[in-house]
Amino acid sequence: MAIRFLITGDGAKKEIYGWLQNGVFHYRPAGEKEQEKLTLTLPVDQLKEWVAEPERVQQLLLSEEVITDGDRSQLELLASLICKFDPDWNIVTR
């Protein structure tokens, strides 16, 4: 799985290349010749909301602010692998 994120907001645009490897999502600044299967253009606020609630992937894909180019199932696959954020997660220390 490989996705190029074109993130917009605050008058700036960032390109990030992300891929899944050994169960970990890696990312770095995007280069010219990547092997992404999906390019996703979206505002930074939409990205933050989606990462916080990955089960809302369909709403994200249907948003008028989001532009996709490629295999949209790549984002659905990534969303299925992201654990839902739990603000009440207990940390045990000694």
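Starting afresh in each chain, residues are numbered from 1 along the sequence in its written order. Only residues with pLDDT of at least 70 get local features here, since the model is predicted, and only at 80 or more are side-chain atom pairs given and counted; chain-wide, interface and lining totals rely on the full set of residues. Water and hydrogen atoms were dropped before computing side-chain values, which therefore reflect all heavy atoms in the structure.

Student: What should I look at first to understand the overall build of the protein chain in this one?
Tutor: Every helix listed is a DSSP run of H or I at least four residues long, and every strand listed is a run of E at least two residues long, numbered separately from the N terminus. Helix and strand counts for the protein chain stand at three helices and five strands. Each helix (α) and strand (β) of the protein chain, taken in turn from the N terminus, gives the series β-β-β-β-α-α-β-α. Along the three orthogonal principal directions, the C-alpha set of the protein chain runs to about 50 × 30 × 25 Å. Every one of the 94 residues in the protein chain was classed for burial, and the buried ones make up 30%. When contacts within the protein chain are restricted to residue pairs at least 6 apart in sequence, long-range pairs at least 24 apart make up 54% of them. Each accessible area is a Shrake-Rupley estimate made with a 1.4 Å probe; only the visible protein chains count as cover when residues are assessed. Total accessible area computed for the protein chain in this model is approximately 6800 Å², and 51% of it derives from carbon and sulfur atoms. In this scheme, a residue with accessible area under 20% of its type's maximum is buried, one over 50% is exposed, and one in between is partly exposed, where area comes from a 1.4 Å probe on protein chains only. Contacts: residue pairs with any heavy atoms within 4.5 Å of one another.

Student: When you look at the side chain of Gln74 in this model, what are you seeing that I'm missing?
Tutor: Inspection of the secondary structure assignment puts Gln74 in helix α3 (residues 73-81). The buried category is assigned to Gln74, whose relative accessible area is 9%. The contact partners of Gln74, leaving out residues within four places of it in the chain, are Met1, Ala2, Ile3, Lys37 and Leu38.

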